[in-house]
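These are the residues of each chain, in order.
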Amino acid sequence: MGFRCGIVGLPNVGKSTIFNGLTFAGAEVAAYRFTTIEPNLGVVHVPDERLDRIASLIHPKEVIPTTLEFVDIAGLVKGASKGEGLGNQFLGHIRNVDAIAHVVRCFDNENVSHEYGSIDPKRDIEVVEMELILGDLQVLEKRRAKVGRLAKVSDKKEAEALELYDEVWEFLNHGKKAIGLSYEGNKKALFDELGLLTAKPILYVANGDEAQLKGDGDYVREVRDLAEGEGGWVVVICGDLESEIAQLDEADRDEFRNSLGLESSGLDQLVKVGYEILNLITFFTTVSDQLRAWTVVKGTRSPEAAGRIHSDMERGFIRAEVVSFPDFIHCGSEHAARERGLLRSEGKEYVVQDGDIIHFRFNV
């Protein structure tokens, strides 16, 4: 699995339409609140042209891309953190994802009602994010109450935890998201254990009409301005168009996009940004006529990368035989790369690089 991305936003902003366009999952779409109750799940292959280029040289019997799971979560409304609109249930679904794609309505359509009767991207973003902050404050209040009781009669660990919880609570109480906090060592471990919603990376998905795909519309500019102010990311998508393209045969999709002047699909854009905000990279293996892509966090060492494939490979790790993607393409094969001295033998301290083609040696 590459990463798990939760799709959130107010009701009727186009979340399920975008979900269908990205995953071809066929989730129900309707112009009323809470069409989605239970989250829809869709697993898609992560597009990577490097797989095709490697496959064209080695002709494997099987090519397996890495994958991405989208979770279409029901619309959040004001008061969600207090249970409004089944909000507590929906907030719980968000806790299980790696990143959040916050869909913001940037289109006018009198046939699709808006929660507040008008299109205002800044207001809509603030409503959803305030509910996420309030949800986090509830988590902290419960932790503070529990640890506070222990800290009175217990040890230094509880006192340190209570101090951190107080710091985070104060930060959130000023309307700031937890992703703006940074800790190291034991404090980082305590912070990560909280599993705060606003500590997750957020990318804004501006759902506009076809005219706004270039990012020129006033609504899209509002989203961009807000994201730039907080160092965030924006992807502009036309959900209706993505859903329409999803109905075409695969061979016709690129042609249709080209006719509209679109350089890439919504999925391509989301994957690119998602990998960036989560610091993910891809490496490849070629074993037994199978070419496969794997996703790991940037900075992963070779034994841990081997463990991504199988835990036995990490435990019995001996070495990694590595060739970079550019060198492999230039040489045309692993054998040719070895002959030219471009296939390297790396030990346990080697940090895997994006695009590495690796053969792991290990004891069973």
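Residues numbered from 1 in each chain as written. Predicted model: local features only at pLDDT ≥ 70, side-chain atom pairs only at ≥ 80, totals over all residues. Heavy atoms only, no water.

(A) Summary view of the nonpolar core. The biggest cluster of nonpolar side chains holds 52 residues, and the ones touching the most others in it are Leu 68, Phe 70 and Ile 94. Formed by 18 residues, the second largest nonpolar core is a distinct cluster that contains Ala 161, Val 168, Leu 172 and Leu 196. (Core = buried A, V, L, I, M, F, W, Y, C linked by side-chain atoms within 4.5 Å. Buried < 20%, exposed > 50% of the residue type's maximum accessible area, 1.4 Å probe, protein only.)

(B) Inspection of the packing of helix H8 (residues 239-246) against helix H9 (residues 250-259) at higher detail. The geometry of H8 relative to H9 is characterised by a closest axis approach of 9 Å and an angle of 145 degrees between their N-to-C directions. Of the residues in H9, those in contact with Leu 241, Glu 242, Glu 244, Ile 245 and Ala 246 of H8 are Arg 253, Phe 256 and Arg 257. Of the residues in the contact of H8 with H9, the class split is 4 nonpolar, no polar and 4 charged. (Axes fitted to C-alpha atoms, helices over the stretch in contact; angles between N-to-C directions. Helix = DSSP H or I, 4+ residues; strand = E, 2+ residues; numbered from the N terminus. Contact = heavy atoms within 4.5 Å. Nonpolar A, V, L, I, M, F, W, Y, C, P; charged D, E, K, R; others polar.)

(C) Inspection of the packing of aromatic side chains at higher detail. All chains considered together, the criterion is met by 3 aromatic pairs. Plain terms: the ring middles of Tyr 183 and Phe 191 are 5.4 Å apart, the flat faces sit at 45 degrees to each other, and that makes the pair tilted. With centroids separated by 6.1 Å and ring planes inclined at 85 degrees, the aromatic side chains of Phe 283 and Phe 360 adopt a geometry described as edge-to-face. Taken as a pair, Phe 283 in strand S8 (residues 280-287) and Phe 360 in strand S12 (residues 357-362) lie far apart in primary sequence, 77 residues in all. For Phe 283, a relative accessible area of 0% gives the class buried. An aromatic cluster is defined as three or more aromatic residues linked by ring pairs; in this entry it consists of Phe 283, Phe 317 and Phe 360. Directly above the aromatic system of Trp 169 lies the positively charged group of Arg 144, at a separation of 4.7 Å from the ring centroid. (Phe/Tyr/Trp six-rings, centres within 6.5 Å; stacked < 30°, edge-to-face > 60°. Lys NZ or Arg CZ within 6 Å of the ring centre and 35° of its normal.)

(D) Broad picture of the pairing of strand S1 (residues 4-8). With 4 of its 5 residues buried, S1 lies for the most part within the structure. The pairing of S1 with strand S4 (residues 67-72) spans 4 bridges and is parallel. Its bridge partner lying in S4, Gly 6 is registered against Val 71. (Pairing = 2+ DSSP bridges.)

(E) Representation of the pairing of strand S10 (residues 317-323) in the model. Of all the 7 residues making up S10, 5 are buried; the element is thus mostly covered by neighbouring parts of the structure. When S10 meets S12, the two strands line up antiparallel, connected through 6 bridges. When the bridges of S12 are listed, Arg 319 appears paired with Arg 361. The pairing of S10 with strand S11 (residues 344-346) spans 3 bridges and is antiparallel. Looking across to S11, one finds that Ala 320 is bridged to Glu 346.

(F) Local environment of the sheet that holds strand S2 (residues 40-45). One open sheet holds the 6 strands; their spatial order is S2-S4-S1-S5-S6-S7, and the pairing between them is mixed. Sheet topology places S2 and strand S7 (233-237) at the edges, where each strand pairs with a single neighbour. For this sheet the average axis-to-axis angle between neighbouring strands, irrespective of direction, equals 25 degrees. With respect to the sheet, helix H7 (residues 218-229) is in contact with strand S5 (99-106), strand S6 (202-208) and S7, its orientation differing from that of S7 by roughly 160 degrees.

(G) Examining the environment of Asp 225 more closely. Looking at where Asp 225 falls in the secondary structure, it is placed in helix H7. Residue Asp 225 is classed as exposed on the basis of its relative accessible area of 52%.

(H) Spotlight on helix H5 (residues 156-173). For H5, built from 18 residues, the straight-helix expectation of 26 Å at 1.5 Å per residue is met to within 8% by its first-to-last C-alpha distance of 26 Å. If you check which residues of H5 are buried, you get Glu 158, Ala 161, Leu 164, Tyr 165, Val 168, Trp 169 and Leu 172. Projection of H5 onto a plane perpendicular to its axis shows the buried side chains occupying an angular sector of 140 degrees, all on one side. One or two steps after H5, the chain reaches Gly 175, where phi turns positive at roughly 80 degrees. (Expected span 1.5 Å × (residues − 1). Arc of directions from axis to C-beta.)

(I) Examining the pattern of salt bridges more closely. What the rule picks out here adds up to 19 salt bridges. For Glu 321, the salt bridge is made with Arg 361, and the minimal N-O distance between the two is 3.3 Å. With Glu 321 in strand S10 and Arg 361 in strand S12, this pair connects stretches of sequence that are 40 residues apart. Judged by its relative accessible area of 33%, Arg 361 is partly exposed. With its nearest N and O atoms 2.9 Å apart, the salt bridge here joins Glu 346 to Arg 344. What you see here is one network of salt bridges that share partners, running through Arg 319, Glu 321, Glu 334, Arg 338 and Arg 361. (Salt bridge = Lys/Arg side-chain N within 4 Å of Asp/Glu carboxyl O.)

(J) Focus on helix H1 (residues 15-23). With 9 of its 9 residues buried, H1 lies for the most part within the structure. Among the residues of H1, those classed as buried are Lys 15, Ser 16, Thr 17, Ile 18, Phe 19, Asn 20, Gly 21, Leu 22 and Thr 23.

(K) Structural context of a negative patch on the surface. A surface patch of like charges, here negative, comprises Asp 108, Asp 209, Glu 210, Asp 240 and Glu 244. Mapped onto the elements, Glu 244 comes out in helix H8. Assessed through its relative accessible area of 43%, Glu 244 is described here as partly exposed. (Patch = residues over 30% accessible without salt bridge, like charges linked within 9 Å, V, L, I, M, F, W, Y side chains within 5 Å. Areas by Shrake-Rupley, 256 points an atom, 1.4 Å probe, with all protein chains shown as cover. Lys, Arg positive; Asp, Glu negative; His and termini not counted. Charge placed at Lys NZ, Arg CZ, Asp CG, Glu CD.)

(L) A look at the confidence of the model for the protein. When pLDDT is averaged along the protein, the result is 85; 89% of the residues meet or exceed 70. By mean pLDDT, the top-scoring element of the protein is S10 (97), and the lowest-scoring one is helix H3 (residues 87-94) (66). Note on residues 26-37: pLDDT is under 50 here. Beyond four places in sequence and across chains, it has 36 contacts. (pLDDT = per-residue confidence, 0-100.)

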